Amino acid sequence: MARISSDGDLLGEVPLPVHQPSSCTFGGSRLDILYITSAREGLDLSDDDPVHAIDQLGAVGMPSTAFAG
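First, a word on scope: everything that follows refers to the structure included in this document. (Residues numbered from 1 in each chain as written. Predicted model: local features only at pLDDT ≥ 70, side-chain atom pairs only at ≥ 80, totals over all residues. Heavy atoms only, no water.)

**Details of the pairing of strand 5 (residues 51-54)**
The following threshold applies: Throughout this description, buried means an accessible area under 20% of the type-specific maximum (1.4 Å probe, protein chains only), exposed means over 50%, and partly exposed covers the range between. Counting from the N terminus, the helices are the DSSP runs of H or I reaching at least four residues and the strands are the DSSP runs of E reaching at least two. Two strands form a pair only when DSSP identifies at least two bridges running between them.
Residues His52 and Ile54 line the buried face of strand 5, whereas the alternating positions Val51 and Ala53 sit on a face that is not buried. With four bridges joining them, strand 4 (residues 33-38) and strand 5 adopt antiparallel strand pairing. If you follow Tyr35 over to strand 5, its bridge partner there is Ala53.

Okay, structure coming up:
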C-alpha cells in the first residue's frame, strides 16, 4: 500500500500481508488503525483471516460525516 501526498509525491509504502487487497478504511478510537480486507476465490475462513489491522503508520483517517438523508 502506498501513501501519496496531495501533490502526488510518494510519502511511504507499507507491505501488506494479503495477496489481493479489496478495501481499506481507518478505524479505532483515534482512527489510527488501518483495516484492510482481502478477497480471493476459494478463501478458506478457517485458515485465512480476510481482515488485517495495521497500526503505527503515523497517519490517521478522517471522521465520517453523518448521512443527511
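Structure shown, so let's carry the discussion forward.
**Focus: the environment of Ile36**
Turning to its location among the elements, Ile36 is positioned in strand 4. Judged by its relative accessible area of 1%, Ile36 falls in the buried class. Considered as a pair, Ile36 and His52 are 16 residues apart in the sequence and their alpha carbons are 5.2 Å apart.

**A look at the sheet that holds strand 5**
Definition in use: To get an axis, fit a line to the C-alpha atoms, keeping to the stretch in contact for a helix; angles then go from 0 to 180 degrees between the N-to-C directions.
In spatial order, the strands read 3-4-5; together these three strands make up an open sheet with antiparallel pairing. Edge positions in the sheet fall to strand 3 (21-27) and strand 5, since each has one partner strand and no second. Strand-to-strand, the axes of this sheet are offset by a mean angle of 20 degrees, without reference to chain direction. One ladder, built from six bridges, connects strand 3 with strand 4; its direction is antiparallel. Pairing of Pro21 across the sheet is with Ser38, part of strand 4.

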